[in-house]
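# Structural overview for review
Each chain is listed here by its residues.
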Amino acid sequence: MDCDGGSVPNAETINPVVFQSGSTLLFTLGALVILSGLAAGLVLSSPHAVISTLAGANEMRAYYLALSGLNLWADGRTGTFAIGGGTITLSQSAQDAGGSVTITSIGTVGSGSTQETNVRVTARRQTAATITFANDIDAFKAPILGAATNVADAILVFGTDASKASNSLTYADWVSLWAQYASRYADGWVRLGGETHDSNAAAWYNGNKASCDAGKCALGNGLRAYFGFIFDDYDNSRDSKDKGDGFIFAVVTAENDPATAAGGMGEYLGYAGPGISGQGIKAPKIAVEVDTYPNRGGGNPASSNSRRDKSNANHVAVVYWGADETNADDNVHGAGAAPQNPANTSLGYRERAAPGDGANWLEDGEEHAMRVEIHRELQGGEGIYTVLAWVDPTGAGSDDVTADYTAESPLVSSAVRLDAADHARLDAVRFGWTESTGAETQTVAIHDFALAFRH
Ligand SMILES: [Ca+2]
Ligand SMILES: [Ca+2]
Ligand SMILES: [Ca+2]
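What counts and how
Residues numbered from 1 in each chain as written. Chains lettered and ligands numbered in written order. Predicted model: local features only at pLDDT ≥ 70, side-chain atom pairs only at ≥ 80, totals over all residues. Helix = DSSP H or I, 4+ residues; strand = E, 2+ residues; numbered from the N terminus. Buried ≥ 20, exposed ≤ 12 C-beta atoms within 10 Å, placed from the backbone. Core = buried A, V, L, I, M, F, W, Y, C linked by C-beta atoms within 7 Å. Contact = placed C-beta atoms within 7 Å. Pairing = 2+ DSSP bridges. pLDDT = per-residue confidence, 0-100. Expected span 1.5 Å × (residues − 1).

## Observations concerning the overall build of the protein chain
On a plain count of helices and strands, the protein chain comes out with four helices and 27 strands. For the protein chain, the proportion of its 455 residues judged to be buried stands at 48%.

Following this line, the structure appears as structure tokens:
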């Protein structure tokens, strides 16, 4: 196949013509166009349109060339390609907020002759650079089950197909749950907690999209992620202790962590502590926690009530891994030195007091959204990491993961320098969510997720 670099002919639309067969509207956007002022081409709104209504052999050939163009397309592969005596001309629109583009493929036969025939088809495609629940929900894997401390349905991944049942529920229970939420989260969703006590788990992306290979993703210059979340329960207790404990969006070393990695229960948020395997989630790692149960003590991080939370107010904070010698302090605020977890008085920690008569922040049964950006650069042989997170962003482009978000300041931010060894261990990462509960329970829905790497 050759690429001759030709240009797309100008198109002039004349009287619309709609073809119908029986009750089926074949070409809702059907229009006869003149391309290059020579021969008639047909604009088809769908590549599934019935072709038998097209009169001549040239139209058929041009149509199949155009369809072939949709298969030939890859993100950024545009121009004119010679094939089998005809040509395919591909172009694509700019990405929308979800990372989709509209591809236009024109099949041409008899180019330059009086018999020149062009057929154009268009299709929307997700670019390979963006990972979404809409396209990739089945690549998000629920945790490996079985250990005594890992409650079976601590995390469930609901795909768009009810037949892909979780093995932790009966089929009837699964289908019932799936049906209950299928219309609410049409693109699939991840359920954290499931009203279970003493639960802990993590769910990671396991796919091959973008820079990822079986869930191991080249971090490059960092990433941008966006998702919706809802705490199903309503915690209006004065100390926010009726429900908990929250969840974490985590980006962790793929060199040290398997796809089954998870931390411990309760205040560990499934991110710190030994967890199911005894190995926890190893450093280096970068995360944003949504902590909805206060643990204000500052004693031994392996003992209970030791996260150094600022107050009883729910908070969002950046966490790394605290001191190297223990995983118990991985989400203790202010723990560690290189890097240090942001202190509870820093820009990397933000709490919001509950209103006097309402639910604690975020634990209100309402729709919320989180955006996370990690900017990564090499400087003097070491890595500079800037972590930014927004909750309920409202500016233009807040859900656009194809560009950095600049319309409003982040709610939390943290910048750290990692030594060369830790920086290298983050060349490949896994990403996903961790959750845990203790004496109290929670149910959180994560939905409408999108992620793109900053390559
Ligand atoms: Ca709470
Ligand atoms: Ca907590
Ligand atoms: Ca640690």
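So much for the structure itself; the text now carries on.
## Observations regarding the nonpolar core
Ranked by size, the top nonpolar core spans 89 residues in total, and within it Ala203, Ala389 and Ile446 carry the most contacts. Excluding anything up to four places from it in sequence, Ile446 contacts Trp189, Val190, Leu192, Phe227, Phe229 and Trp433. Counting 14 residues, the second largest nonpolar core, distinct from the first, contains Leu65, Ala66, Ile88 and Val119.

## What about unusual backbone geometry?
Of note, the bond from Gly244 into Asp245 is cis; its omega dihedral lies within 30 degrees of zero at 20°. Along the chain, Asp245 falls in the loop between strand 18 (222-231) and strand 19 (246-253). Phi is positive for Ser240, close to 60°, though the residue is something other than glycine. Relative to the elements of secondary structure, Ser240 occurs in the loop between strand 18 and strand 19. Not every positive phi belongs to a glycine, and Leu362 is a case in point at roughly 80°. By secondary structure assignment, the location of Leu362 is in the loop between strand 22 (349-351) and strand 23 (368-379).

## Quick look at the pairing of strand 14 (residues 189-192)
Alternating residues of strand 14 divide into Trp189 and Arg191 and Val190 and Leu192, and every residue in both groups is buried. In this structure, strand 13 (residues 155-158) lies alongside strand 14, joined through four bridges in antiparallel fashion. Note on strand 14: the bridge partner recorded for Leu156 is Arg191. Sheet analysis places strand 14 next to strand 27 (residues 444-453), joined by four bridges and oriented antiparallel. Bridging from a neighbouring strand, Leu192 pairs with Val444 of strand 27.

## Here's the deal with the confidence of the model for the protein chain
A residue-level look at the protein chain finds 85% of positions with pLDDT of 70 or above and a mean pLDDT of 84. Residue range residues 1-54 is modelled with pLDDT below 50. Its contacts to residues more than four positions away, or to other chains, number 89 contacts.

## Some details on the environment of Ala57
Its place among the elements puts Ala57 in helix 1 (residues 57-72). For Ala57, a count of 10 C-beta atoms within 10 Å puts it in the exposed group. Sequence separation of Ala57 and Thr117 is 60 residues, and the distance between their C-alpha atoms is 9.9 Å.

## Quick look at helix 1
With 16 residues, helix 1 extends 22 Å between its outermost C-alpha atoms, agreeing within 8% with the 22 Å of an ideal straight helix rising 1.5 Å per residue. For helix 1, every residue scored as buried is listed here: Asn58, Glu59, Ala62, Tyr63, Leu65, Ala66, Leu67 and Gly69.

## A closer look at the environment of Tyr293
Along the chain, Tyr293 falls in the loop between strand 20 (285-291) and strand 21 (315-319). Sequence separation of Tyr293 and Glu440 is 147 residues, and the distance between their C-alpha atoms is 9.2 Å. Those residues in contact with Tyr293 that lie beyond four places of it in its chain are Ser240, Lys241, Gly244, Asp245, Gly246 and Glu440.

## So, the pairing of strand 9 (residues 100-109)
Looking along a regular strand, one sees the side chains alternate between the two faces of the sheet. Of all ten residues in strand 9, seven are buried; the element is thus mostly enclosed. Taken together, the seven bridges between strand 8 (residues 86-92) and strand 9 define a ladder with antiparallel strand orientation. Looking across to strand 9, one finds that Thr89 is bridged to Ile106. Bridge count between strand 9 and strand 10 (residues 117-126): ten bridges; the pairing is antiparallel. Looking across to strand 10, one finds that Thr102 is bridged to Arg124.

## Observations concerning the environment of Ala154
Turning to its location among the elements, Ala154 is positioned in the loop between strand 12 (140-141) and strand 13. C-alpha separation for the pair Ala154 and Thr437, spaced 283 residues apart in sequence, amounts to 8.8 Å. Not counting the four nearest positions on each side in its chain, Ala154 is found in contact with Gly193, Gly194, Thr196, Ser199, Asn200, Ala201 and Glu435.

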